[in-house]
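Each chain, letter by letter, is given below.
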Amino acid sequence: MSILPQREGRGYSLGYSGGGPSALATYLTQLADSDGQNTATGASYEQAHPAILAWTQSGAADRGTNELSLNDLQAMMAI
C-alpha cells in the first residue's frame, strides 16, 4: 500500500524535468489545495502548480535537503 496512490502507476521522483517530478507536483498541489485532506489519483500533470513543479524539478529536492510542510506548499502557491 502506498501513501501516494496512483491510478496509472506513473511513479513519483525528483530532480529532473520528466514525468516523475510532474506527477509528484500534481499530487502535492492537490494536497495543498485540499488543506491536507482529499486527493485524487491520476490527475493531469497540467494541474500541478508551477512553483511546486519547479521545486520537484530542483536540485534541492533531488538532494533531499529541503522538506516542505503543508504550510510551505500553500505559501508557494500564494506567490
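Everything in this summary refers to the structure shown in the same document.

Calculation notes
- Residues numbered from 1 in each chain as written.
- Predicted model: local features only at pLDDT ≥ 70, side-chain atom pairs only at ≥ 80, totals over all residues.
- Heavy atoms only, no water.
- Helix = DSSP H or I, 4+ residues; strand = E, 2+ residues; numbered from the N terminus.
- Expected span 1.5 Å × (residues − 1).
- Buried < 20%, exposed > 50% of the residue type's maximum accessible area, 1.4 Å probe, protein only.
- Contact = heavy atoms within 4.5 Å.
- Core = buried A, V, L, I, M, F, W, Y, C linked by side-chain atoms within 4.5 Å.

### What to know about helix H1 (residues 19–33)
In step 1: Over its 15 residues, H1 runs 21 Å from end to end, which matches the ideal 21 Å to within 8%, given 1.5 Å per residue.
In step 2: Of all 15 residues in H1, twelve are buried; the element is thus mostly enclosed.
In step 3: Within the sequence span of H1, burial applies to Gly 20, Pro 21, Ser 22, Ala 23, Leu 24, Ala 25, Thr 26, Tyr 27, Leu 28, Thr 29, Gln 30 and Ala 32.
In step 4: Buried residues belonging to H1 abut helix H2 (50–56) and helix H4 (70–78).
In step 5: Asp 35 occupies a position one or two residues after H1 and carries a positive phi of about 60 degrees.

### Thoughts on the nonpolar core
In step 1: In this structure, Leu 24, Ala 25, Tyr 27, Leu 28, Ala 32, Ala 48, Ile 52, Trp 55, Leu 73 and Met 76 together form the largest nonpolar core, which totals ten residues.
In step 2: When contributions to this core are tallied by element, the ones reaching two or more residues are H1, H2 and H4.
In step 3: The leading source of residues in this core is H1, at five residues.
In step 4: Not counting chain neighbours up to four residues away, the residues in contact with Ala 48 comprise Ser 22, Ala 25, Thr 26 and Thr 29.

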